[in-house]
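# Notes for the structure review
Listed here are the chains, written in short residue letters.
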Amino acid sequence: MRALRALTVTVLTVAVLAATTVGAALAVRWYADRQSEPAAASDVVPEPTPTPTTPVEVQPATPTAPTTPPPAPEAPELVLSQGDDGEQVRELQHRLFQLAWWPELTTGRYDGETREAVRGFQQKRGLETTGQVDERTWRRLTSMTETPTHDEKFNVLRPGPALLAPGASGEQVRGVQARLKQIAWLFGDVSGTYDDATVKAVRGFQAKREIPATGDIDQRTLDRLTAMTYTPTYEQLHNIQPKPAALDPRCRSGRVLCIDKSSQSLRWVVDGEVVETFEVRFGSDELPTREGDFSVFSKSRDHVSSLYDTSMPFAMFFSGGQAVHYSPDFAANGYAGASHGCVNVRDFDGVAWLFDQVRIGDRVIVYRS
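Rules used throughout
Residues numbered from 1 in each chain as written. Predicted model: local features only at pLDDT ≥ 70, side-chain atom pairs only at ≥ 80, totals over all residues. Heavy atoms only, no water. Buried < 20%, exposed > 50% of the residue type's maximum accessible area, 1.4 Å probe, protein only. Helix = DSSP H or I, 4+ residues; strand = E, 2+ residues; numbered from the N terminus. Pairing = 2+ DSSP bridges. Contact = heavy atoms within 4.5 Å. Polar contact = N/O pair within 3.5 Å; in protein donor to acceptor, adjacent residues only side chain to side chain. Disulfide = S-S within 2.5 Å. Core = buried A, V, L, I, M, F, W, Y, C linked by side-chain atoms within 4.5 Å. Axes fitted to C-alpha atoms, helices over the stretch in contact; angles between N-to-C directions. Parallel < 35°, antiparallel > 145°, perpendicular 65-115°, else oblique. Nonpolar A, V, L, I, M, F, W, Y, C, P; charged D, E, K, R; others polar.

### Points about the pairing of strand E3 (residues 255–260)
Taking burial as the measure, the six residues of E3 include five buried ones, the bulk of the element. Where E3 and strand E4 (residues 265–270) come together, six bridges link them in antiparallel fashion. Considered in E4, the bridge of Leu257 is made with Trp268. Following E3, the chain reverses through four residues before pairing antiparallel with E4; Gln264 in that reversal takes a positive phi of roughly 50°. As judged from the five bridges shared by E3 and strand E11 (residues 363–367), these two strands associate in the parallel manner. Across the sheet, Leu257 pairs through a bridge with Val364, a residue of E11.

### A short note on unusual backbone geometry
Working note: non-glycine residues mostly have negative phi, and peptide bonds are mostly trans. Backbone geometry at Asn155 places phi at a positive 60°, although glycine is not the residue there. A relative accessible area of 19% means that Asn155 is categorised as buried. Non-glycine residue Gln264 carries a positive phi angle of around 50°. We classify Gln264 as partly exposed; its relative accessible area is 23%.

### Comments concerning the environment of Arg115
Following the sequence through the fold, Arg115 ends up in helix H3 (residues 112–124). With relative accessibility at 17%, the residue Arg115 sits in the buried group. Among all residues touching Arg115, those that are not within four sequence positions of it are Gln82, Tyr110, Gly131, Leu307 and Tyr308. At 3.0 Å, the side chain of Arg115 and the side chain of Gln82 are in polar contact.

### Structural notes on the state of the cysteines
A full pass over the atoms with the stated rule returns one disulfide. Covalent S-S linkage joins Cys251 and Cys258, the inter-sulfur distance amounting to 2.2 Å. On the sign convention where negative is left-handed, the bridge of Cys251 and Cys258, at about 85° about the S-S bond, is right-handed. Both residues of the pair, Cys251 and Cys258, count as buried.

### Overview of the nonpolar core
If you look at the biggest cluster of nonpolar residues, it comprises 23 residues, and the most contacted ones within it are Leu257, Leu266 and Val324. Going through the elements one at a time, E3, E4, strand E5 (273–281), strand E8 (311–319), strand E9 (322–326), strand E10 (343–345), helix H11 (348–357) and E11 are the ones with two or more residues in this core. Per element, the largest residue contribution to this core is four residues, and it comes from H11. When near neighbours in sequence (up to four residues on either side) are disregarded, Val324 contacts Leu257, Ile259, Leu266, Phe314, Ala315, Met316, Phe318, Val343 and Val345. In this structure, Leu164, Ala201, Phe205 and Ile217 belong to the second largest nonpolar core, which totals 14 residues.

### Things to note about the packing of helix H7 (residues 196–208) against helix H8 (residues 219–228)
Packing of H7 against H8 brings their axes to within 11 Å, and their N-to-C directions diverge by 85°. Looking at the two axes, H7 sits roughly perpendicular to H8. Residues Val202, Phe205 and Gln206 of H7 form the contact with H8, whose own contacting residues are Thr221, Arg224, Leu225 and Met228. Of the residues belonging to the contact of H7 with H8, the class tally is four nonpolar, two polar and one charged.

### A closer look at the pairing of E8
The buried count for E8 comes to eight of nine residues, which makes it a mostly enclosed element. Across six bridges, strand E7 (residues 298–304) lies against E8 in antiparallel orientation. By the bridge assignment for E8, Ser298 is matched with Phe317. Where E8 lies against E9, three bridges are found, and the strand directions are antiparallel. Across the sheet, Phe317 pairs through a bridge with Ala323, a residue of E9. Hairpin connection of E8 to E9: two residues between the antiparallel strands, including Gly320 at a positive phi of 60°.

Written out as structure tokens, the structure is:
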């Protein structure tokens, strides 16, 4: 009986367990089927409608001034500068000649003299005085001048109508002869008659300056002669020996380079005696030769200016960069030009001799009589 009861309990337990297992499996399958079916409309939960909001107006930021400065204007492009050469330099020089900043003959070399002529033109017109030709300078120069011809650029000169010729006489001839005497092309008395000696002197003067050597005075020859000389005095026109200007009292003792701006002369004076006299030229109004009491502090036989790139043979310095020295420009062009403040001598042999006489410490007096 006990064995039967135990068996019955066992059978029932197994049956319960089996039923539980089957029920669990069916539940799992039903759940999986539900998940794979599309949801019914009633099962969908609607998303909440967003509540509209009033947009907030954003004020634009106040613009601030740029912190970086505006770029500086570019420098004008250079057209010509020192060291250039060629036909355009010849054109530049002839245009400067048309405005009396350059002698008639061109060289085609942009040297120190060309730079100074450009600086003078720029300063006169209120341009930046660089001595180099930028676009603004070139436009101003070309607007004031005519385009030179090939002959003008390359110094092919033709004689003009004669103003004075052999056989002429009178005061105009006296003036020409006196000027020719000033620059040692005519010797002897001023006669007032256009004779053979005058023809020879005029022809030599013209050939030296590469002017057509006709022996007649045309406008070009007269202009060049006038530019190189000063207005003759009554004494020069009439062969009267002029009295030399009085020496400054400071020149009357010791060894002195006595330089008189009024008579355009330099006298080498030793113990009050005039040993030698030279014609000299001075600086321009912009670069004047200083007046006063100086002494020679330096000598340079073959000096070249580092500032102007020009030759200054037999330089005897007395005030900063100002010196007594030989000037090839003065020798060629006379009083047509000016120095940069120095005392120019045009007698090469004479200034070479003077250079050997003058010692460091010798006095230099620059004055007006």
